[in-house]
Amino acid sequence: MKKLILVSAAVLLTAAVMFVGCNKKTAASTQPTVRLITDATGIDDKSFNAAAWRGILEFYGDTWENQKNRGKLYDVVTCQTQDMYVPNLKQAADKGYDLIITTGFTFANAVGEVAPLYPDQKFMIVDVNWVNKPNLAEYVYSEEQGSFLVGAAAALQAEAEGVKNPKFGFIGGVPGATITKFEMGYIQGIRAVLPNAEIVDYYANDWGAPEKAKAQAKNWYDSGVTTIFSAAGGTGNGTIAQAKEYRVQGKKVWAVGVDSDQYEEGVYGEGKSAVLTSMIKKVETSTFLSLKAVADDTFKGGVYQLDLAGKGVDYTTTNKELKPEVVKKVNAMKDDIISGKIKVFGTYKEALDAGSVPAGLGAKDD
């Protein structure tokens, strides 16, 4: 049986306190070593991998600008192709790192192959809950809950801005169960406000092709789509780039960021950003907690679930153009999700069966 560990709000609150107060002591006293292994988009994707790296920096008391322990206690390897996953995992294990972290479900098969070969090596992966190895911590997030919030915010903002019959778009990277949760939550959030809203989606089948997202975003914006949410790693940066161009031209379109607060990526003038809000997926929490477990000698394999109640996902209010009445209503929905009053479905099948999303989308549950 697979072990599922629900990480409570109290646990995460403790971790948050340690982020700002205790992490330097932890690093100084135990000095665990870690290697992060990413896909081709690397830690400069300003999204998913960047968040994972941020958790490592926080643990050691470093910052993005001052990575003084890099090369001593932690480092990162970027795999340009998937056939490099297994060799790089084996190389890291041979070097004797205390913890090896991989990001994303595309690493699942590689970790599943390598972990049994090194039973004393500790591994950690994000967005996977099916590998089930005793030396592997698997962190999964309730992305559908955070995505519901940005979908509701997008719909409420369109209403507040007086947009008639607004349309909404979703751009995914590689289709699969994880990205489906983003799309399903986003659509359910939109339709909680606008039950008949038109939704379009597109999958780039790539995490590092911003030009694909930019071209699709241009087509959609030109056809009347108001807001586009991208859950596509570095590919999604193309959506933001196109939204910036059109905002500069005075066109009232929005992009929605993902994983990290992407407000700064959308800045096109003083106090102006094309990123209305971002769905925060606190990947940094999983990397930080795994390092802390190694330092405390409490590391255990298993599946760790981070949801809205546990502060694993959220939405941002950095953009001051996000209207106060929108924030108020979204926060009320947030409370209702946590209490269970609002149920958000994470699979396409569940959402379809509930009549919460349209048929014919590109989402996949596997």
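Above this note sits the structure.
Now for a description of the structure that goes with this document. Here the structure is a predicted model, which is why all the values come from computation and not from measurement.

**Notes on the pairing of strand 13 (residues 275-281)**
For strand 13, the buried fraction is high: 7 of the 7 residues fall into the buried class. Bridge count between strand 10 (residues 254-259) and strand 13: 5 bridges; the pairing is parallel. For G257, the partnering residue across the bridge sits in strand 13 and is S278. Alignment of strand 13 against strand 15 (residues 313-315), held across 3 bridges, turns out to be antiparallel. In the strand pairing of strand 15, I280 is matched with D314.

**So, the sheet that holds strand 10**
The 6 strands lie next to each other as 8-7-9-10-13-15, forming an open sheet whose pairing is mixed. Every other strand in the sheet has two partners, leaving strand 8 (198-203) and strand 15 as the edge strands with one partner each. Averaged over neighbouring strand pairs, the angle between their axes works out to 15° when direction is ignored. In this sheet, strand 8 lies alongside strand 7 (residues 167-172) in parallel orientation, the contact comprising 6 bridges.

**Describing unusual backbone geometry**
Not every positive phi belongs to a glycine, and N205 is a case in point at roughly 55°. Its identity is not glycine, yet D297 carries a phi of approximately 60°, on the positive side. Structurally, the position occupied by D297 is in the loop between helix 10 (283-295) and strand 14 (302-306). The class for D297 is exposed, based on a relative accessible area of 67%.

**What to know about helix 7 (residues 177-193)**
Here helix 7 is 17 residues long and its end C-alpha atoms lie 25 Å apart, about the 24 Å a rise of 1.5 Å per residue gives. Judged by how many residues are buried, helix 7 sits mostly within the fold: 14 of 17 residues are covered.

Rules used in this analysis
Residues numbered from 1 in each chain as written. Predicted model: local features only at pLDDT ≥ 70, side-chain atom pairs only at ≥ 80, totals over all residues. Heavy atoms only, no water. Buried < 20%, exposed > 50% of the residue type's maximum accessible area, 1.4 Å probe, protein only. Helix = DSSP H or I, 4+ residues; strand = E, 2+ residues; numbered from the N terminus. Pairing = 2+ DSSP bridges. Axes fitted to C-alpha atoms, helices over the stretch in contact; angles between N-to-C directions. Expected span 1.5 Å × (residues − 1).

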